[in-house]
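# Secondary and tertiary structure notes
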Amino acid sequence: MICFEDFIAGETAQAGSISISQSDIIAYASRYDAQDFHTDPIAARQSFVGTLIASGWHSCSLLMRLIAENVLLDSTAMGAPGIEEVKWLRPVKPGDRLSARRTVLESKASRSRPEMGLVRFRFELLNQRDEPVLEQTNWIMFGRRGSAITFYPGDWLAHPPLYVRPAVESPLEEPRGEIESARFFEELEIGSSHELGSFLFTAEEIITFARSFDPQPFHMDAEAAAKSSFGRLAASGWHTGSVWMAAMVAHRKRQVAASLPETAPRLGPSPGFNNLRWSKPVFVGDRITYHSAVTDKRASASRPQWGLFFHHNTGVNQHGEEVFSFDGCAFVERRS
């Protein structure tokens, strides 16, 4: 197995290959990012990009699948505390063939847990022209050689990297209270915050997402999870993030419905996010409530009809504990 000591600063490796089809893009987006430019090829022609593209969270999930296939499942990996930064550099389109490239930036032994160390990577998702479409920087925890980290054999990659909805779905629960209408860039108020909705993470939901995008044993198998550092079956961090996106889109649709839909401002894509933290695991039976607050905004220099707004986002479990947070930004239409 690959251990902490095997990662050398400056080392680069490229591996893996995933083809993404129009149906793949629509399958993921229909559940987690149901915006027209991800779900409707015809409507996407009138969008910011002008064609159907994959959700950025879908791209992150596919990169996670490639990392699991080519590194994590043959290693002493113990999870990741979060993501420093993600940049969505180019759109992912139907027919693209994606591969992953990893570069070891640095490593350090853990002071509090001598059985493990942390490795900082730059991961890139590349298309068939070897162009980076996504760049991600983050730390991953690995067991040290000789530590009692258990390896769990299994056919973890049996399911292809295609999202198939579970037989019994957890619904997104809408927040109580009045919904304000959708706002143009000029009308967004710095400091305003919203509850987006809540979601119950069941074992079926957790396993269904993990088998497609994050097939590590502690996300897939209760017995293996019980012997891991999590102690029980836990959701993939990318699952937690994908549900945030679903809650944000549902919130946005309620805002549009509360205004005149034909005059509501359009939303564009996001260039990326940073400071993502998975501060506590999300376990079976956890109900996570998501929130978003506007932290800043600025006009776009390259697209004068659009502005960028910045937001801080959180997920809180039923005990009032924050389990998830990140800082994001997105384009929103300006008043003409």
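For the structure given in this document, a descriptive report is provided here. (Residues numbered from 1 in each chain as written. Predicted model: local features only at pLDDT ≥ 70, side-chain atom pairs only at ≥ 80, totals over all residues. Heavy atoms only, no water.)

## With respect to the overall build of the protein
Heads up, the rule is: Under the DSSP-based scheme used, a helix requires at least four consecutive residues in state H or I and a strand at least two consecutive residues in state E, with every element numbered from the N terminus. For every residue, the accessible area (1.4 Å probe, protein chains only) is compared with the maximum for its type, and the residue is labelled buried under 20%, exposed over 50%, or partly exposed between those bounds. Contacts between residues were defined by any pair of non-hydrogen atoms, one from each residue, lying within 4.5 Å. Accessibility throughout is a Shrake-Rupley quantity obtained with a 1.4 Å probe, and a residue counts as covered only by protein chains that appear here. Asp and Glu count as negative and Lys and Arg as positive, but His and the ends of the chain are not part of the count. Just so you know, the charge point we use is NZ for Lys, CZ for Arg, CG for Asp and CD for Glu.
Within the protein one finds seven helices and 10 strands. The dimensions of the protein, computed from C-alpha atoms along their principal axes, are 65 × 45 × 40 Å. The 336 residues of the protein split such that 50% are buried. Counted over contacts in the protein with a minimum sequence separation of 6, partners at least 24 positions apart contribute 76%. Taken as a whole, the protein presents about 14,800 Å² of accessible surface, with 50% of it coming from carbon and sulfur. Separation between the mean location of the 35 positive side-chain charges and that of the 40 negative ones in the protein comes to 3 Å.

## Let's talk about the side chain of Ser75
Defined as follows: What qualifies as a polar contact is a pair of N or O atoms within 3.5 Å, subject to a donor-acceptor requirement within protein and to the restriction that residues adjacent in sequence count only when both atoms come from side chains.
Assignment of secondary structure puts Ser75 in the loop between helix 3 (56-70) and strand 2 (82-88). Overall, Ser75 belongs to the buried group, its relative accessible area being 8%. There is a polar contact of 2.8 Å between the side chain of Ser75 and the backbone oxygen of Leu72. At a separation of 3.1 Å, a polar atom in the side chain of Ser75 contacts the main-chain amide nitrogen of Ala77. The residues touching Ser75, leaving out its near neighbours within four places in the chain, are Met1, Ile2 and Phe142.

## Considering the environment of Val249
As for its placement among the helices and strands, Val249 is situated in helix 7 (residues 237-258). Separated by 177 residues in the primary sequence, Val249 and Leu72 place their C-alpha atoms 31 Å from one another.

## Points about the packing of aromatic side chains
Each aromatic ring pair is characterised by the separation of its centres together with the angle its planes make. Applied cut-off: Only Phe, Tyr and Trp rings are paired, with Trp represented by its six-membered ring, and only when their centres lie within 6.5 Å; those with planes under 30 degrees apart are stacked, over 60 edge-to-face, the remainder tilted. Here, a charge over a ring means that NZ of Lys or CZ of Arg falls within 6 Å of the ring centre while also lying within 35 degrees of the ring normal.
For the structure on display, the rule yields 22 aromatic pairs. Ring geometry for Trp57 and Phe273: centres 5.0 Å apart, planes at 10°, overall stacked. Here the residue Trp57 occupies a position in helix 3, and Phe273 occupies one in strand 7 (residues 272-277), the gap between them amounting to 216 residues. On the basis of relative accessibility, which here comes to 3%, the residue Trp57 falls in the buried class. Judged by centre distance (5.5 Å) and plane angle (80°), the ring pair of Trp238 and Trp278 falls under edge-to-face. Remark: Trp278 occurs in the loop between strand 7 and strand 8 (287-299) and Trp238 occurs in helix 7; sequence separation between them is 40 residues. Just as Trp238 is buried, Trp278 falls in that class too. Taken together, the ring pairs connect Trp57, Trp88, Trp238, Trp244, Phe273, Trp278, Tyr290, Phe324 and Phe326 into an aromatic cluster. Above the ring of Phe283, the side-chain terminus of Arg232 is found at 3.8 Å from the ring centroid.

## Re the environment of Trp139
Along the polypeptide, Trp139 turns up in strand 5 (residues 132-143). Judged by relative accessible area, which is 16%, Trp139 ranks as buried. For the pair Trp139 and Asn70, spaced 69 residues apart in sequence, the C-alpha separation works out to 17 Å. Apart from the residues lying within four places of it in its own chain, the contact partners of Trp139 are Ala80, Pro81, Gly82, Glu84, Glu106, Lys108, Leu118, Val119 and Arg120. Polar contacts involving the side chain of Trp139 include one to the side chain of Glu84, which spans 3.1 Å.

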